[in-house]
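# Descriptive analysis of the structure
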Amino acid sequence: MTLRWTRRPEGSTWGDFGPDDELGRLNLLTPEKVLQGVAEVRAGLTFCLSLPLDLPGGNVLNPRRHPPQITPTRRADGRPNMNFPVCEEVDGATDVICDDRALIHLQYSTQWDSLAHVGSLFDADGTGATPTYYNGFRGGRDIVGPSAPEAADQPSRAKRLGIERLAEAGMQGRAVMIDLRAHLGDAKTKVGYDQLARILEADGVVIEPGDMVCLHTGFAERLIAMGGDPDPKLVHNLCAGLDGRDPRLLDWITRTGLCALIADNYAVEAYPAGPGPACCATLPLHEHCLFKLGVNLGELWHLTPLAAWLRAHGRSRFLLTAPPLRLPGAVGSPTTPIATV
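Let me begin by describing the structure that accompanies this report. (Residues numbered from 1 in each chain as written. Predicted model: local features only at pLDDT ≥ 70, side-chain atom pairs only at ≥ 80, totals over all residues. Heavy atoms only, no water.)

## Things to note about the overall build of the chain
Heads up, the condition is: Helical segments are the DSSP runs of H or I of at least four residues, strand segments are the runs of E of at least two, and each set is numbered from the N terminus. When we talk radius of gyration, it's over C-alpha atoms, and the globule rule is simply 2.2 Å times the number of residues to the 0.38. Throughout this description, buried means an accessible area under 20% of the type-specific maximum (1.4 Å probe, protein chains only), exposed means over 50%, and partly exposed covers the range between. Note on contacts: a residue pair is in contact if any heavy atoms of the two residues lie within 4.5 Å. Lys and Arg are tallied as positive, Asp and Glu as negative. Neither His nor the chain termini are counted. For this purpose, a charge sits on NZ of Lys, CZ of Arg, CG of Asp or CD of Glu.
For the chain, the count of helices and strands is 8 helices and 19 strands. Its C-alpha atoms give the chain a radius of gyration of 21 Å, near enough to 20 Å, the size a compact globule of 341 residues would have. Here the chain holds 341 residues, and the buried ones make up 49% of them. Pairs at least 24 apart in sequence give 75% of the contacts found in the chain among residues at least 6 apart. Taking the 33 positively charged and 40 negatively charged side chains of the chain as two groups, their mean positions are separated by 4 Å.

As structure tokens, this is what we get:
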């Protein structure tokens, strides 16, 4: 077996699923896990777990990401292809055509992060630290794109670890809800291992290898209430997030064998993460999950109605179906997840 690295990050899964693996922990999303998810369907009810994709509104959460813009395609003569009577081109035709296009920032709203979304400066072969991603794939070779400001509009592409890998895997199986909001309310809170463990015990939540884990904080529900005009002072001071600086919490993610970690907040982890070692990641949970373990992250999902139903019925597990766009080379994607209970 030939590896593209001679050293791997401590505690990582690099190489565990093969030298060219691009799925990471999704390898644990087996047919058996799909059947376990199907077995959780008892009421036949479905919940849409996506925000409207034009939320949160504006770019208060992230100045680099903007709401989608939808415009019509154009006919050959340049006229907009919206409410277009075809009889203007074909005598006697009764058709009226609408056809549009979207300019969309792929991680603006409800989304998946691919394993190419966050890497680390890491020395994988003894030649010095370079941009490196899960399983030793390299920036500039496997994940490519412009770097100079004047070239910023040139194409980029994740040749490996792109979001299409999640689409091909199906992203369907058993999911488990952890209802942080029921215990912590809407106050901004960094949740470490001890607090999380108490919540799991209180609610009788059990997570097994291959489960997709959802964290309900209430953040997306608060965004909806802001009606597309989020308060810049309030929006950064709401609801719970995992404490990525807590090593016991990161170890819990490793030990559970969860295959995806999802939240209805902005980044799953609390951001900013707070003080850390002199040389460390600003997004330590992202580094641990995406770079080391190969655990995909879902962000800004709308979990409140589902969490309320599960709590009312004494349940925490459900069937989750959540493929991203099969867009080769992208590092993230919108998703419209469906939970079935």
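## Topic: the state of the cysteines
Heads up, the rule is: Only a pair of cysteine sulfur atoms within 2.5 Å qualifies as a disulfide here.
Taken as a whole and judged by the stated rule, the model has 0 disulfides. Here Cys98 is not cross-linked by a disulfide; its sulfur's nearest cysteine counterpart is in Cys87, at 14 Å. Left without a disulfide partner, Cys289 is nearest to the cysteine sulfur of Cys259, which lies 12 Å away.

## Regarding the side chain of Glu299
Convention followed: One speaks of a salt bridge when a side-chain nitrogen belonging to Lys or Arg is within 4 Å of a carboxyl oxygen belonging to Asp or Glu. Residues adjacent in sequence count toward polar contacts only when both atoms are side-chain atoms; beyond that, a polar contact is any pair of N or O atoms within 3.5 Å, and within protein one must be able to donate a hydrogen and the other to accept it.
Within the fold, Glu299 resides in strand 16 (residues 296-299). Despite its burial, Glu299 pairs with no opposite charge; the closest candidate is Arg65, at 4.8 Å N-O. Within the structure, the side chain of Glu299 is placed 3.0 Å from the side chain of His286, a separation counted as a polar contact. In this structure Glu299 touches Ser109, Thr110, Gln111, Asp113, Ala263, Asn265, Tyr266, Ala267, Val268 and His286, once residues within four positions along its chain are discounted.

## Some details on the pattern of salt bridges
This model, assessed by the stated rule, comprises 26 salt bridges. A salt bridge links Arg79 to Glu88; the nearest nitrogen and oxygen atoms lie 2.4 Å apart. Note on Glu88: relative accessible area 45%, which makes it partly exposed. One salt-bridge network, held together by shared partners, links Glu22, Arg160, Glu164, Arg165, Glu168 and Arg326.

## Points about the nonpolar core
Our working definition: Definition used in this section: a nonpolar core is a set of buried Ala, Val, Leu, Ile, Met, Phe, Trp, Tyr and Cys residues joined via side-chain atoms within 4.5 Å.
Core analysis: the largest hydrophobic core is formed by 42 residues, its most contacted members being Ile178, Trp252, Ile253, Leu261 and Leu285. Secondary-structure elements contributing two or more residues to this core are strand 11 (172-179), helix 4 (193-203), strand 13 (212-216), strand 14 (240-242), helix 6 (247-256), strand 15 (260-263) and helix 7 (284-293). Take this core: its biggest share by element is 5 residues, from helix 7. Setting aside residues up to four positions removed in sequence, Ile253 forms contacts with Arg25, Leu258, Leu261, Leu285, His288, Cys289 and Leu293. By size, the runner-up hydrophobic cluster in this structure holds 27 residues, among which are Phe47, Trp112, Phe318 and Ala339.

## Things to note about the sheet that holds strand 17 (residues 317-321)
Cut-off, in case you're wondering: Any two strands are treated as partners once DSSP identifies two or more bridges connecting them. Under this scheme, a helix contributes an axis fitted over its contacting stretch, all axes are lines through C-alpha atoms, and angles between N-to-C directions fall in the 0 to 180 degree range.
Sheet architecture is open: 9 strands sit in the order 1-19-17-11-13-15-16-6-18, paired in mixed fashion. Taken across any chain shown, the strands that pair with only one partner, and hence form the sheet edges, are strand 1 (46-48) and strand 18 (332-334). Each adjacent strand pair in this sheet contributes to an overall mean axis angle of 25 degrees, direction not counted.

## Concerning the packing of aromatic side chains
Note the following rule: In summary, the pairing rule links any two rings of Phe, Tyr or Trp, Trp by its six-membered ring, whose centres are within 6.5 Å, and it sorts them by plane angle into stacked for under 30 degrees, edge-to-face for over 60 and tilted for everything else.
Per the counting criterion, the structure on display carries 6 aromatic pairs. Following the ring pairs from residue to residue traces out a cluster consisting of Trp5, Trp14, Phe122 and Phe291.

## Observations concerning the packing of helix 4 against helix 6
Note the threshold: Between 65 and 115 degrees an angle is taken as roughly perpendicular, under 35 as roughly parallel, over 145 as roughly antiparallel, and anywhere else as oblique. Here the nonpolar group is Ala, Val, Leu, Ile, Met, Phe, Trp, Tyr, Cys and Pro; Asp, Glu, Lys and Arg are the charged ones; every other residue, Gly included, is treated as polar.
Between helix 4 and helix 6, whose axes approach to 8 Å, the crossing angle comes to 50 degrees. The angle between the axes of helix 4 and helix 6 places the two elements in the oblique class. Of helix 6, the residues touching helix 4 (which contributes Tyr193, Asp194, Leu196 and Leu200) are Arg248, Leu249, Trp252 and Arg255. Residue classes in the contact of helix 4 with helix 6 are distributed as 5 nonpolar, no polar and 3 charged.

## Quick look at the environment of Thr13
Note on placement: Thr13 falls in the segment before helix 1 (31-39). As for Thr13 and Tyr134, which are separated by 121 residues in sequence, their C-alpha atoms are 8.7 Å apart. Ignoring any residue separated from it by four or fewer positions in sequence, one finds Thr13 in contact with Arg8, Tyr134, Lys292, Leu293 and Gly294. At a separation of 2.8 Å, a polar atom in the side chain of Thr13 contacts the main-chain carbonyl oxygen of Leu293.

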